[in-house]
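# Remarks on the overall topology
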Amino acid sequence: MSPQRELVEGNEAIAEAAIRANCRFFFGYPITPQTEILEYMAKRLPQVGGFFLQAESEIAAISMLQGVACTGARVMTATSSPGISLMQEGISCLASMQLPCVIVNVTRASPGLGRIPPAQSDYFQATKRGHGDFNVIVLAPASVQEMADLTMLAFDLADEYRNPVMILTDGMLGEMMETMVWSERQPRNFTKDWALGGAEGRERRLLVSAPLTDRELIELNVELNKKYKEVAARERRWEEFYLADAEAVVVAFGTTSRISLEAVDEARKRGIKAGMIRPITLWPFPDLPFKNSCPKAKVFLSVEMNNGQMVEDVRLAVCGGAPVHFYGQGGGWVPSSLVIEEEIEKLAGAI
Amino acid sequence: MTSTEEATKLFSRPESLTRLPFAYCPGCGHGVIHRLIADVIDELGIAGKIVAVTSIGCSVRMWQHFTYDMCQALHGRAPAVATGLRRALPSDRVIFTYQGDGDLAAIGTAETVHAAARGENITVLFVNNAVYGATGGQLAPTTILGQKTASTPYGRDPALAGYPIRVCELLSSLDGVSYLARVGIFDASSVAQARRAVKKAFKSQMEGKGFSLVEFLASCPTNLHLKPVEAAQWVKERMTSFFPLGEFKQGKKE
C-alpha cells in the first residue's frame, strides 16, 4: 500500500513535524505570517503531554527556549522577520552556550515594520547572524513536504551539533496547501551529559555564556569555530537540475526556486542550455555543486525576493570562474516564471 | 568528656558554598546575600535539587561560589530562562534567579512582571543597591531622588529622570504572586529577618504556590563613594525611607 498523501498547510506541516520529532515545548509571540504555527502548537502540545506558552515578547520567548534547552528537552519557536531581530541577542547566547533548539522564520517583507507579503530579505539576518562569531544552521524548504521533512531533520541536527537551527521560509510557503507524505523518520536519541536538572548524585553542571577570563573566551571561540568547520564539511545540502550541460545556471532557494525551475524548464524547451542549483542549507552554503557539477557553466543568475543577498555567497562559491548576475527586488515582490525566463534568455544570448 | 566535645556548632560556612573566597568589594551586599541563600538551601536540604539562573552585573560569576546546577541569562532575561526551566523540569526541582535592580526593573521589567503575572513557581532574589555597580555606578531604576550617580552627576531630578520604582509594591497587585518581601542586610537583626524571608520564599515555591521574590536593600560602597559602614548606614536611613521594609504578600489570592 502506498503511503497516504495528505493536504497540509505549510505552517502546519512545520508544527506537526516538530511534534513528530518529539518537540514538547513551544514559546512564541503572535506575528503574521507565522501565527498558524503558534496556534497549532497551542492546540496540539497539551494533547501529547507537552507545554505551550505565549510569551510576552520575542525577547522573552527566545530566553524561555534557552531555559528548556538547558534541560536537554527539544524546544521550538516561530516568528517573522522583526521577531528574529528581537531574538538575535538570545540566538547568539544559545549558540555560545551550545544549546540545541529550532527557530522558524516565516519571513515578511521589510525593512522596519514592513508588510506581510513573502520575501527573502532575511537571508543576511539568518546566515550572517547577530553579534559575535557564531553560526546557525539554516534550512530553506521549497515545498510543504520539505517544511515537514526539514523540520524533523532540524531537531536532529540541533542535537547532534548542540547548536540552534533555523528554518528560513516565507508566507507563500507557510500559507499554501500541498499534498505531502509524512516521513517514517524516527527522531534520533542523544545522550545529553551536559543538561541541567539538579546536581543530586553527580557533579554539578554549568552552562555559561560569559567565561571567567579573556583567554577562556578565545578558547570558546576556537572550539565553536572547529565545530562550525565540521558542520560546513558535513552538512551542505542542495538540489541540482540539468547541470551537466548547463551554460546558464540559475541559483534560487525556497519560493523563488519553484518559480525559477519553471523558467529553466521553459528555457530548455526553447533550446537554451539552462540549469539550476537550489541551496537547501543556506548556512553552510552549498559551494560544492558550483565547483564540481557544472563544468559548462558560463554565467550564473541568482534569483531572490530581496535586493541581492545570497548573490554574495554565490560569487564566493563561483570565485571568479564566471560572471554572476542578480535578478530580484525586495519589499514583497514575487517574480513570475516569465520574467525569470526572459532574464535567462538575455544572459544566454550574451554568452 | 572534654569541653570541646560538648561544644555546639552554631556557625560555619554553608556546605553548598564553594571554598572560593568572595572577590566583591569591602562592604558589598553580594557576599552576605550569597551566604544567606546557601545557608537556607542547606537547612532545607535542597542543594541537589537547585537549578539557578544568574544575570549580568558584579554577580555574573557567582556560579563559582555555589555547588548547584546553574546557567547564565542575558541581561534582564533570567525570569524567562527560569520559566523555560520550570516548565521542563520535574516539579520538585527548586529554581531561583539572582538579579540586580537594573536587570530586574529596567531592561527586564517585562520578564519580571509577566513571570509574576503567570505565577511561575520560581523564586527571584533581587538585589537593590540603587546603582549600576559593574558598569561604574550609573542611574538605576531604584536610584533615590537626589542621589548622585555617574549618569546623574547633579543628583536624580524627577523632572529629568523620573522616580524610583518600588518593585514589591508594583508586583503586589498581581494574583500570580505568592510571596513578596523587602529586607535589609545592614545590621544583625535585619540579616536575621532577611534569612527568614529567603526561607519563606523557597518554602512557598516548594509548596507550589507560585512566584516569590525577596528584595534585598544592599549597599555598594564603591559607587556610593562611602566607607562600608557609612554605606550600610545610608541604606538603613536613606534607602528605607523610599523602600519600606516588610512583607508585601503572603499567600496567593485564590
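Residues numbered from 1 in each chain as written. Chains lettered and ligands numbered in written order. Predicted model: local features only at pLDDT ≥ 70, side-chain atom pairs only at ≥ 80, totals over all residues.

## Quick word on the overall build of chain B
Along the backbone of chain B there are ten helices and nine strands. For 254 residues, the compact-globule estimate of 2.2 N^0.38 gives 18 Å, and chain B sits close to it at 18 Å. Taken over the C-alpha atoms alone, chain B extends approximately 65 × 50 × 30 Å along its principal axes. In chain B, the proportion of contacts linking residues at least 24 apart, taken out of those at least 6 apart, comes to 67%. (Helix = DSSP H or I, 4+ residues; strand = E, 2+ residues; numbered from the N terminus. Rg over C-alpha atoms; globule rule 2.2 N^0.38 Å. Contact = placed C-beta atoms within 7 Å.)

## Let's talk about the domain arrangement of chain A
Residue and element names in this part refer to chain A. Split into domains, chain A comes out as domain 1 (6–185 + 209–234) and domain 2 (239–349). The straight-line distance from the C-alpha centre of domain 1 to that of domain 2 is 26 Å. Taken residue by residue, the interface counts 26 residues in domain 1 and 22 residues in domain 2. At the level of secondary structure, the elements contributing two or more residues to the side of domain 1 that touches domain 2 comprise β6 (115–118), α5 (123–127), β7 (137–139), β8 (164–170), α7 (171–175) and α8 (214–234). No other element matches the four residues that α5 contributes to the side of domain 1 that touches domain 2. Considered class by class, the residues forming the side of domain 1 that touches domain 2 number 19 nonpolar, five polar and two charged. (Domains from an automatic or database assignment. Nonpolar A, V, L, I, M, F, W, Y, C, P; charged D, E, K, R; others polar.)

## Points about the pairing of β8(A)
Residue and element names in this part refer to chain A. Across the seven residues that make up β8, a large majority, seven, are buried. Where burial is concerned, the two faces of β8 agree: the one with Pro164, Met166, Leu168 and Asp170 and the one with Val165, Ile167 and Thr169 are both buried. One ladder, built from seven bridges, connects strand β5 (residues 101–109) with β8; its direction is parallel. Residue pairing in the sheet places asparagine 105 in a bridge with leucine 168 of β8. Read from β7 through helix α6 (residues 144–161) to β8, the crossover connection turns out right-handed. (Buried ≥ 20, exposed ≤ 12 C-beta atoms within 10 Å, placed from the backbone. Pairing = 2+ DSSP bridges. Right-handed = clockwise from strand over helix to strand, strands pointing away.)

## Considerations on the sheet that holds strand β3 (residues 94–100) of chain B
Across the sheet, eight strands lie side by side as β10(A)-β2(B)-β1(B)-β3(B)-β4(B)-β8(B)-β7(B)-β9(B); this open sheet has mixed pairing. Across the chains shown, the open sheet's two edge strands, defined by having one partner strand only, are β10 (206–207) of chain A together with β9 (246–250) of chain B. One ladder, built from two bridges, connects β10(A) with strand β2 (residues 69–72) of chain B; its direction is parallel. Note that in β2(B) the partner of A:Leu207 across the bridge is B:Cys71.

## So, the interface of chain A and chain B
Contacts between the two partners involve 32 residues from chain A and, on the opposite side, 29 residues from chain B. Contributions of two or more residues to the side of chain A that touches chain B are made by β3 (51–54), α3 (58–70), α4 (81–96) and β10 of chain A. The greatest single-element share of the side of chain A that touches chain B, amounting to eight residues, is contributed by α3(A). Residue composition of the side of chain A that touches chain B, by class: 17 nonpolar, ten polar and five charged.

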